[in-house]
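The residues making up each chain are set out below.
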Amino acid sequence: MAAGGSYSIVEYFGGDGGYRCGYCKHETGNFSHGMWSHNMTVQDYQDLIDRGWRRSGKYVYKPVMDKTCCPQYTIRCHALNFHPSKTHKKTLKKVNRFLSKGEMPVERHDEGREGLLEDIKGRLKPFSSILQRTVAIAAGKTQSFLSGEPMVSAHEEGVHPPPQDPLEADHSDVQDISTSPDTDTTNSSAPTPAREDAAPAPEEKTPNVTPKPGKGADPSRPLGRKAKDIRKERRLQKEQQKQPEAKSSSVDPSPSKSSSNQPKSLEEFITESLPNDPLHRLEVRLVPVSFEDPDFLASYEQSAAVYARYQMTVHGDAPYECGESEFKRFLCDSPLEAETAPDGPDVGYGSFHQQYWLDGRIVAVGVLDILPSCVSSVYFYYHPDFSSLSLGTYSALREIAFTRQLQKQSPKLAYYYLGFYVHSCPKMRYKGQYRPSDLLCPETYTWVSIERCIPRLEISAYSRLNENAHEGDACALKELGRVLVLHRRTVMPYVAYARKRKGSNDEKEVEQYASLVGQTCAERILLYRA
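In this text the structure is predicted, and so the values were computed from the model without any measurement.

1. With respect to the nonpolar core
Move 1: Counting residues in hydrophobic clusters, the biggest one holds 109 residues, and the most contacted among them are Met35, Tyr379, Tyr381, Tyr434, Leu439 and Tyr513.
Move 2: Filtering out sequence-adjacent residues up to four positions away, Tyr513 remains in contact with Val10, Tyr12, Met35, Val483, Ile525 and Leu527.
Move 3: Leu484, Leu486, Leu526 and Tyr528 belong to the second-largest nonpolar core, a separate cluster that totals 6 residues.

Listed below in structure tokens is the structure:
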């Protein structure tokens, strides 16, 4: 139960049938367990994603790892220890060149999220009729269940924002989460001192003297060297000097100014080379996903339009597949309750849209869940006109920087979750480039560094990643009777419900559900029983 007195409430659907895979396109090879979440506390969802679950809208699913055609491993990046790779730096410089000078690259080489949305649609299809007939359960506070107030089905909440021109809305109170540049943004490398081993300078001219025969070149002088070779040697010496320093220095959670012996931070690369008056102005805003929030409402139509353009252009969707209702169900409907905590971040916990505003209009949106231990990336979409800027990579780097910013306010919030890593799908391997990162073992639910996982996944698409054969699931189901259920507006343990139950025996189904969510979550989350 959350601090506010509310429970997480779910309906479990099982996962016996196979359906089309969005990654390898196998027609019936994709298997997963699913449940509809009417309400979810952020701590319960944190614990669920740490057991391999993931949400799409209010639908929460968990791949059947040893059965599905393309096993999907939960991946997290250590945000505090992250340092951008050469490719990441190029992307940041490319975006900054566009902002400062208007240079737009012709080539397009951004990582896509191919397969994700199609995979989600495949998962939801078998349950569409069930969801239409599902019992009406409140998505708000638990008191409404227990007090006997009439409840509204989560599928009948026809919330529609008022028509409004997003460009005319006032966003003065919207939080700007763009990273503030340090006052000193000079290059971290120190000026190159005069070099002692450079090619010797020519001596002053002396009168022509006929050399004595037989002596040749002066053996006391060093051999002549090309300036190019000297510069190369100096670069190698500098790299060798930096390596031991980098290994011995501890990671500072708060990014600070670069010194001559420290590499630039991610935040410095994000703001590097931006003049005070750039040609284009980029503003990153964080708005809560709530139809009661004025900033979310003001930008809703514009954001939905960018989503539709993205889906039709990048993924080839038909207009009816990416309309306003699909946008709302997939990226705006969230079971997560907005919560705050004394030791939490200032923005609180819950679901958010991180909007990228370029010269006063939305060009990209990252859908994020801010949870007690992480920032979890749900989806990202952008205007196709800007595809050559590699905005998928750019947004991930901004989200890592955002995670580091939140960690200053909430020390335990130190990870950036990128969703699923699919090694059997080459297009999805790009997530492994954000290092250091870990993959979740599908049997012990412990984290294993991706470097140790890759050799195993090269051999087999499915692998128990934890190398300790004796280690098991610490939260494995031990007492089925302690599983909490919601029956006729009453919260009770399963052992009490089983005595009152009429009709077919559901013990096998409840046991499967509880084993998947684990004993801890099973004793906190309410499983709805008709």
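Still to come is the rest of the account.
2. Section: the state of the cysteines
Move 1: For the structure on display, the rule yields 0 disulfides.
Move 2: Cysteine Cys70 shares no disulfide, and the gap to the nearest cysteine sulfur, in Cys24, comes to 3.7 Å.
Move 3: A relative accessible area of 4% places Cys70 in the buried class.

3. As for the environment of Tyr381
Move 1: Considering the arrangement of structural elements, one finds Tyr381 in strand E10 (residues 374–382).
Move 2: Each C-alpha atom, one on Tyr381 and one on Leu391, is 8.8 Å from the other, the two residues being 10 residues apart in sequence.
Move 3: Not counting the four nearest positions on each side in its chain, Tyr381 is found in contact with Ser303, Val306, Tyr307, Tyr310, Phe327, Leu331, His353, Ala364, Val365 and Val367.
Move 4: At a separation of 2.5 Å, a polar atom in the side chain of Tyr381 contacts the side chain of Ser303.

4. With respect to the environment of Tyr59
Move 1: Along the polypeptide, Tyr59 turns up in strand E4 (residues 59–63).
Move 2: On a C-alpha basis, the gap between Tyr59 and Met35 in space is 6.1 Å, while along the polypeptide they are 24 residues apart.

5. Examining the packing of aromatic side chains
Move 1: Summed over all chains, the structure comprises 20 aromatic pairs.
Move 2: Geometrically, the ring pair formed by Phe327 and Tyr381 is edge-to-face, given 6.2 Å between the ring centres and 90° between the ring planes. On the criterion of sequence distance, the pair formed by Phe327 in helix H9 (residues 324–332) and Tyr381 in strand E10 is long-range, its members being 54 residues apart. The same class applies to Phe327 and to Tyr381, which are both buried.
Move 3: Ring geometry for Phe380 and Tyr382: centres 6.0 Å apart, planes at 35°, overall tilted.

6. Observations regarding the pattern of salt bridges
Move 1: According to the stated counting rule, one finds 21 salt bridges in the structure shown.
Move 2: Linking Glu27 and Arg20 is a salt bridge whose minimum nitrogen-to-oxygen distance equals 3.2 Å.
Move 3: Classification of Arg20 by relative accessible area gives partly exposed; the value is 30%.
Move 4: Between Glu272 and Lys264 there is a salt bridge whose closest N-O contact spans 2.1 Å.
Move 5: Relative accessible area serves as the criterion here: at 14%, Glu272 is assigned to the buried category.

7. So, the sheet that holds strand E16 (residues 526–528)
Move 1: Ordered in space as E3-E4-E2-E1-E16-E14-E15, the 7 strands form an open sheet in which the pairing is mixed. Of all the strands in the sheet, the pair left with one neighbour each is strand E3 (54–56) and strand E15 (490–493). Averaged over neighbouring strand pairs, the angle between their axes works out to 35° when direction is ignored.
Move 2: Inspection of the sheet shows strand E2 (residues 32–39) paired to E4 by 5 bridges, in the antiparallel sense. Bridging from a neighbouring strand, Met35 pairs with Val60 of E4.
Move 3: This element, helix H13 (residues 507–522), spans strand E1 (9–14), E2, E4, strand E14 (484–487) and E16 of the sheet and lies at about 140° to E1.

8. Quick word on the pairing of strand E8 (residues 350–358)
Move 1: A large share of E8 lies buried, amounting to 9 of its 9 residues.
Move 2: The sheet contact formed by strand E7 (residues 282–288) and E8 spans 7 bridges and is antiparallel. Opposite Leu282, over in E8, you have Leu358 as the bridge partner.
Move 3: Note: E8 against strand E9 (residues 361–370), 9 bridges, orientation antiparallel. When the sheet's bridge partners are listed, Gln354 is paired in E9 with Gly366.
Move 4: Here E8 hands over to E9 after 2 residues, with Asp359 in that stretch at a positive phi of 50°.

9. As for the packing of helix H8 (residues 294–314) against H9
Move 1: Packing of H8 against H9 brings their axes to within 10 Å, and their N-to-C directions diverge by 110°. Relative to H9, the element H8 is oriented roughly perpendicular. Along its contact with H8, which presents Phe296, Tyr300, Ser303, Ala304 and Tyr307, the element H9 presents Glu324, Phe327, Lys328, Phe330, Leu331 and Cys332.
Move 2: Here the contact of H8 with H9 is composed, by residue class, of 8 nonpolar, 1 polar and 2 charged.

10. Concerning the side chain of Ser299
Move 1: As for its position among the elements, Ser299 is in helix H8.
Move 2: At 2.8 Å, the side chain of Ser299 and the side chain of Gln355 are in polar contact.

11. Let's talk about the packing of helix H2 (residues 86–101) against helix H10 (residues 391–409)
Move 1: Packing of H2 against H10 leaves a shortest axis separation of 9 Å and a crossing angle of 100°. Judged by the inter-axis angle, H2 sits roughly perpendicular to H10. On H10, the residues touching His88, Thr91, Leu92 and Val95 of H2 are Thr393, Tyr394 and Leu397.
Move 2: Class assignment for the residues of the contact of H2 with H10 results in 4 nonpolar, 3 polar and no charged.

12. A short note on unusual backbone geometry
Move 1: Residue Arg435 is joined to Pro436 through a cis peptide bond whose omega torsion reads 5°.
Move 2: Looking at the element boundaries, Pro436 is found in the loop between strand E11 (415–421) and strand E12 (437–440).
Move 3: For Lys25, which is not glycine, the phi torsion reads 70° and is therefore positive.
Move 4: Following the sequence through the fold, Lys25 ends up in the loop between E1 and E2.

13. Digging into the pairing of E4
Move 1: Most of E4 sits inside the fold, with 5 of its 5 residues counted as buried.
Move 2: Of the two faces of E4, the one carrying Tyr59, Tyr61 and Pro63 and the one carrying Val60 and Lys62 are both buried.
Move 3: Bridging between E3 and E4 involves 3 bridges; their strand directions are antiparallel. In the sheet register, Ser56 faces E4, and the bridge partner there is Tyr59.

14. Some thoughts on H13
Move 1: Across its 16 residues, H13 extends only 14 Å between first and last C-alpha, which sits more than 12% below the 22 Å expected from 1.5 Å per residue.
Move 2: Approximately 75° is the largest bend angle found in H13, and it occurs at Leu516.
Move 3: When we look at burial in H13, the residues that qualify are Val510, Tyr513, Ala514, Leu516, Val517, Gly518, Gln519, Cys521 and Ala522.

Thresholds, definitions, all that
- Residues numbered from 1 in each chain as written.
- Predicted model: local features only at pLDDT ≥ 70, side-chain atom pairs only at ≥ 80, totals over all residues.
- Heavy atoms only, no water.
- Core = buried A, V, L, I, M, F, W, Y, C linked by side-chain atoms within 4.5 Å.
- Buried < 20%, exposed > 50% of the residue type's maximum accessible area, 1.4 Å probe, protein only.
- Contact = heavy atoms within 4.5 Å.
- Disulfide = S-S within 2.5 Å.
- Helix = DSSP H or I, 4+ residues; strand = E, 2+ residues; numbered from the N terminus.
- Polar contact = N/O pair within 3.5 Å; in protein donor to acceptor, adjacent residues only side chain to side chain.
- Phe/Tyr/Trp six-rings, centres within 6.5 Å; stacked < 30°, edge-to-face > 60°.
- Salt bridge = Lys/Arg side-chain N within 4 Å of Asp/Glu carboxyl O.
- Pairing = 2+ DSSP bridges.
- Axes fitted to C-alpha atoms, helices over the stretch in contact; angles between N-to-C directions.
- Parallel < 35°, antiparallel > 145°, perpendicular 65-115°, else oblique.
- Nonpolar A, V, L, I, M, F, W, Y, C, P; charged D, E, K, R; others polar.
- Expected span 1.5 Å × (residues − 1).
- Bend = angle between axes of the 7 residues up to and from the residue.

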